[in-house]
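# Descriptive structure summary
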Amino acid sequence: GEESEDEELQLEEFPMLKTLDPKDWKNQDHYAVLGLGHVRYKATQRQIKAAHKAMVLKHHPDKRKAAGEPIKEGDNDYFTCITKAYEMLSDPVKRRAFNSVDPTFDNSVPSKSEAKDNFFEVFSPVFERNSRWSNKKNVPKLGDMNSSFEDVDAFYSFWYNFDSWREFSYLDEEEKEKAECRDERRWIEKQNKATRAQRKKEEMNRIRTLVDNAYSCDPRIKKFKEEEKAKKEAEKKAKAEAKRKEQEAKEKQRQAELEAARLAKEKEEEEVRQQALLAKKEKDIQKKAIKKERQKLRNSCKTWNHFSDSEAERVKMMEEVEKLCDRLELASLQCLNETLTSSTKEAGKAALEKQIEEVNEQIRKEKEEAEARMRQASKNAEKSTGGGGNSSKNWSEDDLQLLIKAVNLFPAGTNSRWEVIANYMNIHSSSGVKRTAKDVISKAKSLQKLDPHQKDDINRKAFDKFKKEHGVVPQADNATPSERFEGPGTDFTPWTTEEQKLLEQALKTYPVNTPERWEKIAEAVPGRTKKDCMKRY
């Protein structure tokens, strides 16, 4: 195949060949110099060799000199350009570097507006010519409007992850071979490496811009997005419909369960109602039977003149009979009536008296049990109000009044309140009895349980004692209102409402156990000293 290509190869004469400057060989088109400008990067090594051979036979200085053409000396002749072109294209590495910067390659990227109406005509040739830079073979095509989603997705995935072999070493401004020392060579290599990386980055940005523009203008992407949106809407609608049906089924099931529960409840209520009616009927029947038996007992006793000839005994017997009517059950009444009906007067009287004795004995036992319960309750009440170790008899009226005063003096919230109250009573009590916190708590609780009359009695006795000790008590009507006098030489300023609120808040903020409490309280009330705050408190 290559031999046939060589035979068919037609070289294009480069009209500017003789005008080329051998010193500027790097900026020449090597393919055009060898007459391969129409084949370029597709030319084979055999074609390049054949083209070079043909150019040598035609343009060699010896040939031209023999033909009488003037020849420039040394490397100044244009034949040097042919030699350099062959040198670059025969070496695969150097040829690849030159191909990367092919001056005839179109690096332009179509804009979005250019491909608005003819997307495939604009972008297909661009992707086709840029596919030559791919390291991977079988580069996917752009396709057409009928391409499947998988093909389109594979195309854009390939180009968004494009692996390019294009490099820019040919454009190096400095050649490290010309360096005079090793450090200069390193510096040149470092500069060239940075420049190549920058150009490589710009190349990848160009490819990315191309793919982005194509993706945003691709009508297939818009079609796929609309189809995906329609698919999601359909799935959403189907899901909503399925959810609605599920809710309807649940609601239907719930209504059925409620209806079943309602019917079951109605049935149960009906059964309860029937049982209640039946029980009521039985109770009514039993009431009528008891009433009948009681009347029968009264009539039987009346028939026998209540088994007595004296009026007093008959009245007493009538009372006992009524007691039997109230206390005996239906079976006992029936048994007693049967005995009275089927026996003689003496046997009936004996049976009746026996039954009366049993009922009276039962009443007596019940009464004794009730009295025992009352005695036990009374004992428990006395025990609960007795205060444990010291009984209420050990508390004199003075001690009770002192306890009430101490409870009011040390309110709830006081640290170790009941120990403080007990200590206060032990100091001020005249009875000499030492009280513990437990005794004080027990007595205080017992005082709380007293009825109002007992409390009034204690207060009245305390008032009488006060009158006896202090003589006549001044009447409230004749009393003069108390006045407040500050010490001499002080300029007293009345407390405002705002100062009062600040003082109360500071008292809550700094409790009794706070170090330097009054100094901190004075700081919280502007314009007031520690002494003012303490006097106000």
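Being a predicted model, the structure only gives us computed values, none of them experimental. (Residues numbered from 1 in each chain as written. Predicted model: local features only at pLDDT ≥ 70, side-chain atom pairs only at ≥ 80, totals over all residues. Heavy atoms only, no water.)

### A few points about the overall build of the protein chain
When you go through the protein chain residue by residue, the secondary structure sums to 20 helices and zero strands. Looking at the protein chain residue by residue over its 537 residues, the buried ones come to 27%. With the model as given, the accessible surface of the protein chain reaches about 38100 Å², and the carbon-plus-sulfur share is 52%. (Helix = DSSP H or I, 4+ residues; strand = E, 2+ residues; numbered from the N terminus. Buried < 20%, exposed > 50% of the residue type's maximum accessible area, 1.4 Å probe, protein only. Areas by Shrake-Rupley, 256 points an atom, 1.4 Å probe, with all protein chains shown as cover.)

### Quick word on the packing of helix 10 (residues 219-303) against helix 12 (residues 330-342)
One can describe the packing of helix 10 onto helix 12 by two numbers: an axis separation of 9 Å at closest approach and a directional angle of 30°. Overall, the two elements helix 10 and helix 12 adopt an arrangement that is roughly parallel. For the pair helix 10 and helix 12, the sense of crossing is left-handed. For the pair formed by helix 10 and helix 12, the contact residues are Gln286, Ala289, Ile290, Glu293, Arg294, Lys296, Leu297 and Ser300 on the first element and Leu330, Leu333, Gln334, Leu336, Asn337, Leu340 and Thr341 on the second. (Axes fitted to C-alpha atoms, helices over the stretch in contact; angles between N-to-C directions. Parallel < 35°, antiparallel > 145°, perpendicular 65-115°, else oblique. Left-handed = near helix turned anticlockwise from the far one by under 90°. Contact = heavy atoms within 4.5 Å.)

### Side note on the environment of Gln274
Looking at where Gln274 falls in the secondary structure, it is placed in helix 10. Since its relative accessible area comes to 39%, Gln274 is described here as partly exposed. Looking at Gln274, its side chain comes within polar contact range of the side chain of Glu270, at 2.7 Å. (Polar contact = N/O pair within 3.5 Å; in protein donor to acceptor, adjacent residues only side chain to side chain.)

### Here we look at the nonpolar core
One finds Phe119, Phe123, Phe127, Tyr156 and Trp159 to be the most contacted residues of the largest nonpolar core, which totals 25 residues. Among the secondary structure elements, those contributing two or more residues to this core are helix 7 (119-130), helix 8 (149-160), helix 9 (182-217) and helix 10. No other element matches the six residues that helix 7 contributes to this core. Setting aside its immediate chain neighbours within four residues, Trp159 contacts Phe127, Asn130, Ser131, Val139, Pro140, Ile207 and Val211. Core analysis: the next-biggest nonpolar cluster, separate from the first, contains 22 residues, Val39, Met55, Ile82 and Ala97 among them. (Core = buried A, V, L, I, M, F, W, Y, C linked by side-chain atoms within 4.5 Å.)

### Some words on the pattern of salt bridges
According to the stated counting rule, one finds 28 salt bridges in the structure shown. Here Arg40 ties to Asp29 by a salt bridge, and the two come within 3.0 Å at their closest N and O atoms. Placement of the pair is Arg40 in the loop between helix 2 (30-33) and helix 3 (45-59) and Asp29 in the loop between helix 1 (2-8) and helix 2, with a sequence separation of eleven residues. On the accessibility criterion, Arg40 (9% relative accessible area) is buried. Judged by its relative accessible area of 17%, Asp29 is buried. Residue Lys250 pairs with Glu246 through a salt bridge whose shortest N-O separation is 3.5 Å. One end of the pair, Lys250, and the other, Glu246, are both in helix 10, four residues apart, so they sit about a helical turn from each other. (Salt bridge = Lys/Arg side-chain N within 4 Å of Asp/Glu carboxyl O.)

### Comments concerning the confidence of the model for the protein chain
Taken over all residues, the pLDDT of the protein chain has a mean of 83, while the share at 70 or more is 88%. Mean pLDDT across the elements of the protein chain ranges from a minimum in helix 1, with 49, to a maximum in helix 18 (residues 497-509), with 92. Predicted confidence is poor over residues 1-7, with pLDDT under 50, and the contacts of this stretch with residues over four places away or in other chains come to six contacts. (pLDDT = per-residue confidence, 0-100.)

### A closer look at the packing of aromatic side chains
Aromatic ring pairs: the centre-centre distance and the angle between the two ring planes describe each pair. Taken as a whole and judged by the stated rule, the model has 19 aromatic pairs. When the ring of Phe119 is compared with that of Phe120, the centres are 5.1 Å apart and the planes differ by 80°; the resulting orientation is edge-to-face. You can call Phe120 buried: its relative accessible area is 17%. Judged by centre distance (4.6 Å) and plane angle (10°), the rings of Trp159 and Phe162 are stacked. An identical accessibility class is assigned to Trp159 and Phe162; each is buried. One aromatic cluster is present, formed by Phe119, Phe120, Phe123, Phe127, Phe155, Tyr156, Phe158, Trp159, Tyr160, Phe162 and Tyr215 through successive ring pairs. Lying over the aromatic face of Trp495, Arg528 brings its terminal NZ or CZ to 4.3 Å of the ring centre. (Phe/Tyr/Trp six-rings, centres within 6.5 Å; stacked < 30°, edge-to-face > 60°. Lys NZ or Arg CZ within 6 Å of the ring centre and 35° of its normal.)

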